[in-house]
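Report on the structure
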Amino acid sequence: MRRVVAVDPNDVNLLWEHAMMAKEFGEDEAVSVRLTMSSVFSEVVPRKALKAFRRVLQILPHDMNILAELPPLFASCNAIQEGAQLFEAAMEHHIRTFPDGPSKAGQQAAGSSTTQNNMGIDFIINLADFKILLLEYEDVINIVRRGQRWLGGRSREIYWDM
């Protein structure tokens, strides 16, 4: 698969398939390696999958379908900080691009062929989980408040933050 991706490194479909294969086969292989060898070897496969997903994100940044696949990989690779940063950037992007919230879910941003408004509660929970693991509890409260207001189409109601 790596050779096919090398032919056209900007083909999102190929990159997606490569990332999904690395993740799918990686989980089975990581389990068997964990049973027979040290934990150092079990990190190799998730790291490959994470690297493949990063390549897709370079072409489609802030894509919720891609980001939804990443939390277990960030956790297994101990890349929680990177996960939090990516998810925060995506949340900011969606709130800025769709200030009225997900009321027009699935609609594309003006002038963009890739960004769709499909951020949901699962995304906010994942971001909050990353922040909890980083012991950034005040950020968790702000993310949940802001995310819930945005999901409810009330992102302009900032008086709740006082």
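What you see is a predicted model, and the numbers here were worked out from it, not measured in a lab.

What to know about the nonpolar core
Counting residues in hydrophobic clusters, the biggest one holds 30 residues, and the most contacted among them are L50, L67, L70, M91, M119 and F123. Counting residues per element, the ones that place at least two in this core are α4 (44-59), α5 (64-67), α6 (71-76), α7 (80-97), α8 (121-133) and α9 (137-151). The contact partners of L50, leaving out residues within four places of it in the chain, are L70, L73, F74, C77 and A79.

Quick look at α8
Relative to the 18 Å expected for 13 residues at 1.5 Å per residue, α8 spans 18 Å between its end C-alpha atoms, a close match to the ideal helical length. Three or more residues of α8 are buried, namely F123, I124, L127, A128, F130 and K131. Looking down the long axis of α8, one finds its buried residues gathered within 155 degrees of arc, a one-sided arrangement. For α8, the exposed residues lying more than 90 degrees away from the buried face are D122 and L133. On its buried side, α8 packs onto α5, α6, α7 and α9. Two residues or fewer after α8 comes L135, characterised by a positive phi angle close to 65 degrees.

Examining the packing of α7 against α9
At a minimum axis separation of 11 Å, α7 and α9 run at an interaxial angle of 35 degrees. Note that α7 runs across α9; the crossing there is left-handed. On α9, the residues touching M91, E92, H94 and I95 of α7 are I143, R146, G147 and W150. Per-class residue counts for the contact of α7 with α9 are four nonpolar, two polar and two charged.

What counts, and where the lines are drawn
- Residues numbered from 1 in each chain as written.
- Predicted model: local features only at pLDDT ≥ 70, side-chain atom pairs only at ≥ 80, totals over all residues.
- Heavy atoms only, no water.
- Core = buried A, V, L, I, M, F, W, Y, C linked by side-chain atoms within 4.5 Å.
- Buried < 20%, exposed > 50% of the residue type's maximum accessible area, 1.4 Å probe, protein only.
- Helix = DSSP H or I, 4+ residues; strand = E, 2+ residues; numbered from the N terminus.
- Contact = heavy atoms within 4.5 Å.
- Expected span 1.5 Å × (residues − 1).
- Arc of directions from axis to C-beta.
- Axes fitted to C-alpha atoms, helices over the stretch in contact; angles between N-to-C directions.
- Left-handed = near helix turned anticlockwise from the far one by under 90°.
- Nonpolar A, V, L, I, M, F, W, Y, C, P; charged D, E, K, R; others polar.

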